[in-house]
Amino acid sequence: MRSVEQQLAMVVDSALMPEPIRVSITDALGMMCAEEVAASSPLPGFAQAAVDGYAVRAVDVGGGVALGSSVGADQPVERSLPVVGEVAAGSQKPLRLQPKQAVKVATGAPLPTLADAVLPLQWSDRGRKRVTPSRPVRTGDFVRKAGDDIQPGDVAVRQGMVIGPAQIGLLAAAGRNKVLVYPRPRVTVMAYGLELVDIERDPGLGQVYDVASYAVAAAAQEAGATVTRAGIINAEPRGLRETIAHQASRSELLIITGAVGGSSAAPLQQVLRELGEIDTTRVAMHPGSVQGFGLVGEERVPVFLLPTNAVSSLVIFETLIRPAIRQSLGKATPTRRSIQARSLGPIDSLAGRLGLVRGRLMRDAETGNYLVQPLSGAEGAPAHLLAGFAEANALIRIPDDVTEVRPGDLVDVEFLQQR
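Cut-offs used in this document
- Residues numbered from 1 in each chain as written.
- Predicted model: local features only at pLDDT ≥ 70, side-chain atom pairs only at ≥ 80, totals over all residues.
- Heavy atoms only, no water.
- UniProt positions renumbered as here; feature names shortened; annotations may be inferred.
- Helix = DSSP H or I, 4+ residues; strand = E, 2+ residues; numbered from the N terminus.
- Rg over C-alpha atoms; globule rule 2.2 N^0.38 Å.
- Contact = heavy atoms within 4.5 Å.
- Areas by Shrake-Rupley, 256 points an atom, 1.4 Å probe, with all protein chains shown as cover.
- Lys, Arg positive; Asp, Glu negative; His and termini not counted.
- Charge placed at Lys NZ, Arg CZ, Asp CG, Glu CD.
- Axes fitted to C-alpha atoms, helices over the stretch in contact; angles between N-to-C directions.
- Left-handed = near helix turned anticlockwise from the far one by under 90°.
- Nonpolar A, V, L, I, M, F, W, Y, C, P; charged D, E, K, R; others polar.
- Salt bridge = Lys/Arg side-chain N within 4 Å of Asp/Glu carboxyl O.
- Buried < 20%, exposed > 50% of the residue type's maximum accessible area, 1.4 Å probe, protein only.
- Core = buried A, V, L, I, M, F, W, Y, C linked by side-chain atoms within 4.5 Å.
- 1 Å grid on protein atoms, 1.4 Å probe; cavity = no way out; pocket = protein on both sides within 12 Å on 5 of 7 lines; lining within 4 Å.
- Points joined across faces, edges and corners; volume = space filled by probe spheres on them.
- Arc of directions from axis to C-beta.
- Domains from an automatic or database assignment.
- Polar contact = N/O pair within 3.5 Å; in protein donor to acceptor, adjacent residues only side chain to side chain.

Taking an unreviewed UniProt entry as the reference, the protein chain is identified by name as Molybdopterin molybdenumtransferase belonging to Corynebacterium lipophiloflavum. The heading Sequence similarities (unreviewed entry) in the UniProt record of the protein chain holds the text "Belongs to the MoeA family." Taken verbatim from the UniProt record of the protein chain, the Cofactor (unreviewed entry) comment is "Mg(2+)".

## A closer look at the overall build of the protein chain
Per the secondary structure count, the protein chain includes seven helices and 28 strands. Relative to the globule expectation of 22 Å for 419 residues, the C-alpha radius of gyration of the protein chain, 32 Å, shows a markedly less compact shape. The principal-axis extents of the C-alpha atoms in the protein chain amount to approximately 95 × 50 × 40 Å. Considering only contacts within the protein chain whose residues lie at least 6 apart along the sequence, 71% involve residues at least 24 apart. For the protein chain, the accessible surface area stands at approximately 20,300 Å², while carbon and sulfur atoms represent 50% of it. Within the protein chain, the 43 negative side-chain charges are centred at a point lying 10 Å from the centre of the 42 positive side-chain charges.

## Notes on the packing of helix H1 (residues 4-13) against helix H6 (residues 310-328)
Close contact between H1 and H6 brings their axes to 9 Å; oriented N to C, the two are set at 30 degrees. Here the hand of the crossing between H1 and H6 comes out right-handed. On H6, the residues touching Val 4, Gln 7, Leu 8, Val 11 and Val 12 of H1 are Thr 319, Leu 320, Pro 323, Ala 324 and Gln 327. For the contact of H1 with H6, the per-class residue count stands at seven nonpolar, three polar and no charged.

## Brief notes about the environment of Met 362
Among the structural elements, Met 362 can be located in strand S24 (residues 354-363). Put simply, Met 362 and Gly 62 are 300 residues apart on the chain and 58 Å apart in space, counted from C-alpha to C-alpha. For Met 362, the residues in contact, after removing those within four places along its chain, are Leu 344, Asn 369, Tyr 370, Leu 371 and Gln 373.

## Some thoughts on the pattern of salt bridges
Applying the stated criterion to the full structure yields 17 salt bridges. Note that Glu 252 and Arg 186 form a salt bridge whose closest N and O atoms lie 2.7 Å from each other. Here Glu 252, found in the loop between helix H4 (237-249) and strand S17 (253-257), pairs with Arg 186, found in strand S13 (residues 186-191); they are 66 residues apart in sequence, far enough to count as distant. For Glu 252, a relative accessible area of 9% gives the class buried. Linking Glu 242 and Arg 238 is a salt bridge whose minimum nitrogen-to-oxygen distance equals 3.4 Å. Taken together, the positions of Glu 242 and Arg 238, both in helix H4 and four residues apart, correspond to about one turn of that helix. Connected through salt bridges with shared partners, the residues Glu 222, Glu 318, Arg 322 and Arg 336 form a single ionic network.

## Focus on the nonpolar core
Of all hydrophobic cores here, the largest spans 35 residues; its most connected members are Val 187, Ile 255, Met 285, Phe 304, Phe 317, Ile 321 and Ile 325. Contributions of two or more residues to this core are made by H1, S13, helix H3 (212-222), S17, strand S20 (292-296), strand S21 (301-306), H6 and S24. The dominant element in this core, judged by the number of residues it contributes, is H6, at nine residues.

## Focus: the layout of surface pockets
Roughly 300 Å³ of internal volume is contained in the largest pocket. Together, 17 residues line the largest pocket, and Ala 248, Ser 249, Ser 251, Glu 299 and Val 301 are the ones closest to its centre. In terms of residues, the lining of the largest pocket owes the most to one element, H4, which gives four residues. Considered class by class, the residues forming the lining of the largest pocket number nine nonpolar, three polar and five charged.

## Quick notes on helix H2 (residues 165-173)
Within the span of H2, buried status applies to Gln 167, Ile 168, Leu 170 and Leu 171. For H2, the arc enclosing every buried residue in end-on projection is 160 degrees, short of the 170-degree limit, so these residues lie on one face. Turned more than 90 degrees from where H2 packs its buried face, Pro 165 and Ala 166 sit exposed. The elements touched by buried residues of H2 are strand S3 (37-38), strand S11 (155-157) and strand S12 (178-182). Directly after H2, the chain includes Gly 175, whose backbone phi takes a positive value near 80 degrees.

## Concerning the UniProt feature "domain: MoaB/Mog" (unreviewed entry) in the protein chain
As recorded in UniProt, the sites labelled "domain: MoaB/Mog" (unreviewed entry) are residues 188-327. A helix fraction of 37% and a strand fraction of 26% characterise residues 188-327, whose end C-alpha atoms lie 17 Å from each other.

## A few points about the domain arrangement of the protein chain
Per the domain assignment, the segments of the protein chain are domain 1 (4-18 + 184-329), domain 2 (21-43 + 149-182), domain 3 (46-64 + 79-145) and domain 4 (338-415). Placing the centre of domain 1 and that of domain 4 at their C-alpha centroids yields a distance of 27 Å. Each side of the interface is counted separately: domain 1 has 15 residues, and domain 4 has 15 residues. Counting across the interface, domain 1 meets domain 4 through zero salt bridges. The interface formed by domain 1 and domain 4 includes six residue pairs in polar contact (both at pLDDT 80 or more). Counting residues per element, the ones that place at least two in the side of domain 1 that touches domain 4 are strand S19 (285-286) and H6.

Set out below in structure tokens:
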């Protein structure tokens, strides 16, 4: 039996990175940048006012006295200046400031020539023809200098960086409307099993709805992948081989639910072995120890074999498949956030296996401490019901050397998606 850590290392090492594509920066959010984007011009491109006020020479309003000294900061400056003009944001008309003059400016307006500071409105009497400062300003005060943010040649967005709102702003500042990115990994989800019918049909005697492939496809989409659900692939070996080979050629990751557990999965596993390498060694976790992993096709596309049971499939997905998808997206931390919480109930776990117990995580309003209510794992609590998973917002991780958790014990808890 292989440990979860060993299985995860093998899975993550096999994750495929999609070929880079060029997309609009409006479509690049959450993707990993595949190029170095350098600025060709400074940001901002000119000296501009950082606040509404008056463009001045600092020396004309007591700027020779440092702010915060015994003279200046809290004492009025007995000097008024004529207001010789006004500059709005976006103005393209250059102005030149003469000594002992002021120009009224709006936030973002270009600074007149010779002006080296902005006197904020609230530091003045707000005069229209003449302005009297109530406090001095120093050279550079309330001014955004050209290139303060980015200088020409500076790297605005680095290769390998996940593009967020700030990176999109920097791309726009660099004048880029498109950027080279690694796209979201393409994940294809299929179901296998003679007992399965799709939800458009009514199940007959001995038949059940295909639930697992729908649940896993949704989980892959939530993880950030581009997902195709290819449906139920029951067919004779030749048809199976053609279907899997075709889906592998257009995917970075394949998931087949119902592909392990019992002799009925043997024909599918044989086809997969003909297409590549498949390993069905049990993994030391519960639920979900029965699973398979391999590489198929010329591109050695990772393929996961999951059970028909939707709960086991979702637990395997959270533990092993989601980190692979998140790594392909370039996330620095591909696993979910983990904290410690006090268990509100008892939990039984199997010796020698990592226990993955659904739970409802909450926080004590008075102490701020995390508490978790087990929704499975207690004696007599069913472990296979999907309704319990729907109520969970966390997975409790019980180490393989712990078989019993008592109420009040600290446990490791991994956040699931917000509900």
